[in-house]
Amino acid sequence: MGKNRIKKHNKKLGKPPGSVIYTGNKSSKKLFIEAFDYNVERCNEKELTTIEEAFNFKGSDSVTWININGLNHVEEIEKLGNHFNLHPLVLEDIVSISQRPKIDEHEDYLFVVVKMLYHANDESIVAEQVSFVLGKGYVLSFQESEGDVFDAVRERIRQGKGRARSMQADYLLYILMDAIVDHYFTIIETLGEKIEDYEDAIFSGHVGKTINKDIQDLKREILRVRRAIFPLREVINRIEKHESPLILKKTKTFYRDIYDHLIQVSENIDIYREMIWSLMDMYMTTISNKMNEVMKVLTIMASIFIPLTFIAGIYGMNFDYIPELHYKNGYYILWCVMIAMFLGMLYYFKRKKWL
Amino acid sequence: MGKNRIKKHNKKLGKPPGSVIYTGNKSSKKLFIEAFDYNVERCNEKELTTIEEAFNFKGSDSVTWININGLNHVEEIEKLGNHFNLHPLVLEDIVSISQRPKIDEHEDYLFVVVKMLYHANDESIVAEQVSFVLGKGYVLSFQESEGDVFDAVRERIRQGKGRARSMQADYLLYILMDAIVDHYFTIIETLGEKIEDYEDAIFSGHVGKTINKDIQDLKREILRVRRAIFPLREVINRIEKHESPLILKKTKTFYRDIYDHLIQVSENIDIYREMIWSLMDMYMTTISNKMNEVMKVLTIMASIFIPLTFIAGIYGMNFDYIPELHYKNGYYILWCVMIAMFLGMLYYFKRKKWL
Amino acid sequence: MGKNRIKKHNKKLGKPPGSVIYTGNKSSKKLFIEAFDYNVERCNEKELTTIEEAFNFKGSDSVTWININGLNHVEEIEKLGNHFNLHPLVLEDIVSISQRPKIDEHEDYLFVVVKMLYHANDESIVAEQVSFVLGKGYVLSFQESEGDVFDAVRERIRQGKGRARSMQADYLLYILMDAIVDHYFTIIETLGEKIEDYEDAIFSGHVGKTINKDIQDLKREILRVRRAIFPLREVINRIEKHESPLILKKTKTFYRDIYDHLIQVSENIDIYREMIWSLMDMYMTTISNKMNEVMKVLTIMASIFIPLTFIAGIYGMNFDYIPELHYKNGYYILWCVMIAMFLGMLYYFKRKKWL
Amino acid sequence: MGKNRIKKHNKKLGKPPGSVIYTGNKSSKKLFIEAFDYNVERCNEKELTTIEEAFNFKGSDSVTWININGLNHVEEIEKLGNHFNLHPLVLEDIVSISQRPKIDEHEDYLFVVVKMLYHANDESIVAEQVSFVLGKGYVLSFQESEGDVFDAVRERIRQGKGRARSMQADYLLYILMDAIVDHYFTIIETLGEKIEDYEDAIFSGHVGKTINKDIQDLKREILRVRRAIFPLREVINRIEKHESPLILKKTKTFYRDIYDHLIQVSENIDIYREMIWSLMDMYMTTISNKMNEVMKVLTIMASIFIPLTFIAGIYGMNFDYIPELHYKNGYYILWCVMIAMFLGMLYYFKRKKWL
Amino acid sequence: MGKNRIKKHNKKLGKPPGSVIYTGNKSSKKLFIEAFDYNVERCNEKELTTIEEAFNFKGSDSVTWININGLNHVEEIEKLGNHFNLHPLVLEDIVSISQRPKIDEHEDYLFVVVKMLYHANDESIVAEQVSFVLGKGYVLSFQESEGDVFDAVRERIRQGKGRARSMQADYLLYILMDAIVDHYFTIIETLGEKIEDYEDAIFSGHVGKTINKDIQDLKREILRVRRAIFPLREVINRIEKHESPLILKKTKTFYRDIYDHLIQVSENIDIYREMIWSLMDMYMTTISNKMNEVMKVLTIMASIFIPLTFIAGIYGMNFDYIPELHYKNGYYILWCVMIAMFLGMLYYFKRKKWL
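Residues numbered from 1 in each chain as written. Chains lettered and ligands numbered in written order. Predicted model: local features only at pLDDT ≥ 70, side-chain atom pairs only at ≥ 80, totals over all residues. Heavy atoms only, no water.

Going by the annotation in an unreviewed UniProt entry, the name recorded for chain A is Magnesium transport protein CorA, with Mariniflexile jejuense given as the source organism. What the UniProt record of chain A gives under Sequence similarities (unreviewed entry) is the line "Belongs to the CorA metal ion transporter (MIT) (TC 1.A.35) family." In its Function (unreviewed entry) section, the UniProt entry covering chain A states "Mediates influx of magnesium ions." (UniProt positions renumbered as here; feature names shortened; annotations may be inferred.)

> Any chance you could break down the interface of chain C and chain A for me, citing the residues and the numbers?
Opposite the 68 residues of chain C that make contact, chain A presents 63 residues. Three residues, C:Glu274, C:Phe310 and C:Phe319, lead the burial of chain C against chain A; their summed loss comes to 11% of the area buried on that side. Scanning the region where chain C abuts chain A turns up six salt bridges. Those elements that provide at least two residues to the side of chain C that touches chain A are helix H4 (151–159), helix H5 (169–204), helix H7 (249–314) and helix H8 (330–351) of chain C. Of all the elements, H7(C) adds the most residues to the side of chain C that touches chain A, at 35 residues. For the side of chain C that touches chain A, a count of residues per class yields 32 nonpolar, 18 polar and 18 charged. (Contact = heavy atoms within 4.5 Å. Buried area = accessible area lost by both parts, 1.4 Å probe. Salt bridge = Lys/Arg side-chain N within 4 Å of Asp/Glu carboxyl O. Helix = DSSP H or I, 4+ residues; strand = E, 2+ residues; numbered from the N terminus. Nonpolar A, V, L, I, M, F, W, Y, C, P; charged D, E, K, R; others polar.)

> Tell me about the sheet that holds strand E6 (residues 125–135) of chain C, residues and numbers included.
All names here are of chain C. In space, the seven strands of this open sheet follow the order E2-E1-E3-E7-E6-E5-E4, with mixed pairing throughout. Each end of this open sheet is capped by a strand with a single partner; those strands are strand E2 (43–48) and strand E4 (102–105). Strand-to-strand twist of the sheet, defined as the mean angle between neighbouring strand axes without regard to direction, takes the value 15°. Across six bridges, the pairing between strand E1 (residues 32–38) and E2 is antiparallel. (Pairing = 2+ DSSP bridges. Axes fitted to C-alpha atoms, helices over the stretch in contact; angles between N-to-C directions.)

> Give a description of the interface of chain E and chain D that names residues and reports values.
Facing 63 residues of chain E, the contacting portion of chain D comprises 67 residues. Carbon and sulfur atoms supply 62% of the area that chain E and chain D bury against each other, a total of about 5,900 Å² over both sides. The interface formed by chain E and chain D holds six salt bridges in total. Measuring nitrogen to oxygen at the nearest pair gives 2.9 Å for the salt bridge that ties E:Arg100 to D:Glu267. At the boundary of chain E and chain D, one finds 18 residue pairs in polar contact (both at pLDDT 80 or more). Residue assignment for the side of chain E that touches chain D shows that the elements contributing at least two residues are helix H1 (2–10), helix H3 (88–95), helix H6 (211–241), helix H7 (249–314) and helix H8 (330–351) of chain E. When residues of the side of chain E that touches chain D are assigned to their parent elements, the largest contribution, 20 residues, is made by H7(E). Of the residues in the side of chain E that touches chain D, the class split is 32 nonpolar, 14 polar and 17 charged. (Polar contact = N/O pair within 3.5 Å; in protein donor to acceptor, adjacent residues only side chain to side chain.)

In structure tokens:
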């Protein structure tokens, strides 16, 4: 993914700054715009067909959430951006999907970039970029494609239970980000399970041929999740410290709560990181232990039979005069000697705990 | 446990923030409420049957400690919280048992989350969450289930010896937290003993099959204890720096004392961490040393007997004319040669310090 | 390169500070000077033949970019420096090509040193030093030799599209630095690909003889790129915080954008660093695994045939009386015994999963 | 020691804070109190028999040093503490010998805990806790038992040479602490020598059976010394920055000097730490090298004699017709062939640099 | 050296602070004093025979550099120190040659301790302590013995070219320190070359017996150079920030330049440190690779000849009836079988890439 991310950036090489160019690869996605306009009494939910319909929501007294899916529709996004007076670099960042989580504090609005993590169908972790613009009375959200973690949020706004509809736009941004952060827990749970699976495999000795690569891939996945989550702490921190009417004092307690969750997730990730480093060590120890076992078998076999073979060789010699050969029970005596040597060896290896 | 902790969180996925949901798994525990109301002259100790009985203690001149066991009784806790004007997020945190140690400074009260560490019956370390609310003249404490480390505190309040009853609620919170921190020493003592046991096992070579896994588990247990203890330093630090009538200046010296203890515990944990990293290294060296020994035995046996077998092979050949075979004492001379070779080899290996 | 860099420094050993001495090794390069003088309406592009022609641009109302290639022409550079009132140490730094990226804030101008990274013809990464002087209405840039990453910038100035010609000199410096930073992405992409190539080689077992050295070289290349890029973050940060009419407030948002890019690049580099450390570990595991396989073959062969050879040896002995030798089907019985032993061994190794 | 230290703490489990309980194990030591009372003209040195005799020194114009040995005499120490108005927690810390070096700044006095390191008779390093109370005109010092590093200080006070008697109590505290810090150099010198001894042993191959454990023990000893010394830097730093008449400005230069010494010691300890980590690596390499050597001997012996034995085996076969057996000089020719093979092998191994 | 440094310190054990005691071992060096007194017009250079001659330079309008070689002449140094009002601890530090680079800011003068690094005749790196005292109009410098890196400085002062003679004493201190820092580049160049030599040796397999120790020694040398250079950054930083007429504003730019050089050197040292850690890893891999090769030879030889020997053994048996022995071409058929087995084995090992 590191590679991909960088390649995406290259699309813009040589372009002037502020060029609004979609850097993702889902360029055939259709545009989907939905709007929620609500106050404590009512809630209008609507799917918009043109971006221009969204313009009216600006300046209304109610709280408005406009959610745009389809970052490839750069023209519509530019139109919206111009209407809402967004800085060209903000528009560039919205459609440039390789952003780090960050916050830009502008005069009239806050611009926040977050990574939404979820599992794709093939169990791999997808990090989709979601950008939020929090202005006076509205939140704009931009996603690459449909499908998100906001369904519970939508339901809560529709039903108007709890605080959801009685608070301002800053609280709306909070519940959206809270939904994203809550999903991080699901993601790292899977990572933790994978680590335990590998651990069990290594301890039980049933490691596949690709264990080395698997561990490496997992390590990289953890690094990737880490990179998506860690900068968000600073973002939340800056929201909490932000001084403008956009963020009300009473909402800050809630952002503090997200922050605490992020710290929890971060700690888990760092523990996983440490655990995965240990995995390689354990694997190495396992290999060494196995080699030890192999060597012991070889040594036991060789140490027992090489001397015996030597003795047999002695009495296979053709010297004219080897007295033992003519002893009456020479052959049987020799067998006794050999068996004694064999048992002695066994005893020796037993004492050394090799058997 | 990492996994468990995260799974608990998932219970709340999609729920609105401030939802007071118990995330533990002791949902059949009965509610137990005890109250201590004391000043320097008297001390009333009482077990309450309903949460409403606790309401009267608010606003009294004496110091009150209300201790609630049974976080699954969320409704009672909510009632109490509402009576004491606690923020919904505080109530959520009280019953959500996967909190990190933290402090939230509210206008009328301090909310502190601590991990109480003790040994379960099977010697494993249990980290039970204890939440404290320190208000004007009262301390509320919330525990998941009965059984805690506060018996000595109760006794001290009853007997009224020393400072216990002549100080304010901030001192009560101090002695409760001090009791928890004092128990940390017991916990890390056990960890230290385990490390030494493994060390002895590795040095003496009597390692079980699961040593690899055991070390790994211990490493994880240390990480877990670390995570329970380390954030508490910041909590105590913030209490010490807290500027409100809730924390009196003369009590701060005592919190400083807890802080010093925490630093001591933290240092020990970090030393244990370093020691356990070394354990794997030592184990690896031990394995390599053993393999060395195995290889030496093999090499000695093979180096001695393979050449001798070769010589025996020579005189087992059926050439028409091998003069040595017809020497008078050929057989005896050969034995002498072989014994000489044998001794030469022994001397060689002795000199190489392999024997 | 570490060595080279230091040797270059030695050229100046014993020289007084402020000595303007070219420390590179491209001393036969010819001087190339180009000038762009533009405002929002017009743009004059000109190749200058003498350094004196550049003097006139100072003090004009338009924005001027003077780009000098050929750091070996120290006299011309000194002349220019004196005309623009540059500090002697600045001139020394311009031609001393082993500088770290840095910014010196002087009263009338900013002096910025940056490393321009690009691929040489042999795929190696070249770090060419580019120095910028940003003064009122002009930017001077100094490069060691012709060939740079500024072609897109030149084109944008010529065509006057977008913001390029309507902004001040601080914006010109921004687009020049932005072009350099954008190229960093190309560089680290190649590094990432190399790491993946080595990883694949190690996993597939097709490692060349020099894999050890290759990994080492790559590690060093990453360190080198890191050293060129990391200090630039601080430089950009200081530009953003710079308080003087040289940097306008509205341009700072753009520098912030470069900063974000640098953080992205830096994160990637650190991930690559971690990955390359893992490579050695993986390689080591691979070697151990191979040795394990070798040992198994040896052990299987020896364990099977050494006992069999011993038995054959027994019946090659010349005792007067060995009853088995005279059994009717002795030879065939023996073969049966031997085949049974052989199969038994095979079964044993199969069960141990060595086969 | 980690374990011991913690066990000591447990003695106090459940006791109220401020309980003055001796946590060491030298409970039969007799109390020894000495007092120095001096100014620039005179010096009274006296051994006190009861703690009450010390009370008179408080408030005198001269500088007084009261040195108490025997922390098990808690009652006397409490009496003294009450007379000098020491906080109960200070008294608790004085007799609780597992303190970390620290400073507590009280209104009328400074309380400093330091670890005095010296070699016991069995060469092990002892870390004895010394507590100082610096008040107006007096220094109290508390040691667990007799025997310390202050003899040179006593002598200097008696003789009144140099600054010793013309300065205030803050200077007295300085020379006492300086004496302790000077001894740290002796301690770490021994550690350095031990590391070099182990290094030499590993390089020369004369490692004992317990080298693994020895290195581990040394590592732990270094950690322990580190823990005794590192926090002291912060203590000295706080004394230097302390703003009260207790520490005069002119004395601060001297504390700065101690600080510089501590930094030197700390650097050495960290270098030793790094060196001891390398020791394990080196030891591992040595083991691997040895195994290499063992394997070479085995391989050479086996590679030479196994083929020769095969040839001898060939001509030991009983085929009816093996023409070579009847050659005239068959036996001698075979010997030549075998010797040629032997030499060929030797040459091969020589070329491979195995011999 | 670590050990030596500490032993030197011990010379002072028990001595009162401020004792001016030479801790080096060049106690027979003769005293050498030279003085440069100059302003922009003239320059007096003089070798002084007694320390008293130096007294006159204090208070002159010109800039004076007094350079004293021979720290064993403590009495002369004390005389000088008293005349220039140096603090006793400063004098102690001047002759105590185990100081860390540091700066002490006194009221009338700055005291700076620097390590001058150069190569001794036997290629080892010598770290000689040089102390500077910068006062109003003068610089005192103290060296252990004759021979330094200041010859270029002396020449520049004599010739009066450039800024050298037109600036104040702070600039004189700058060019002296600059000369020292410039020499650091030479030192680390040698270290870099050594690392590359070892790398080449390890890669080519031509490692000496002492490679382990050599790498270890180099690692320690790097640590030592690091310790001499790193604290100097802070020293320079403090000079730059120093607020007194001793350091003029226009000179600070020059100190900034030294700082930049130090950062460059520091970065190189840290890269070398990382490289030398890798060296051990690489060496370990090389050993493992070699053992792999040894094992392969053994395995190939044993796997080929042990089965063949077994077959030869079969037909060496003395059974009454072994039909193959009486086949007409039995012997030749057997040879064919054996050669076939031999070739089969070769093919097998070829396919496994062992040959």
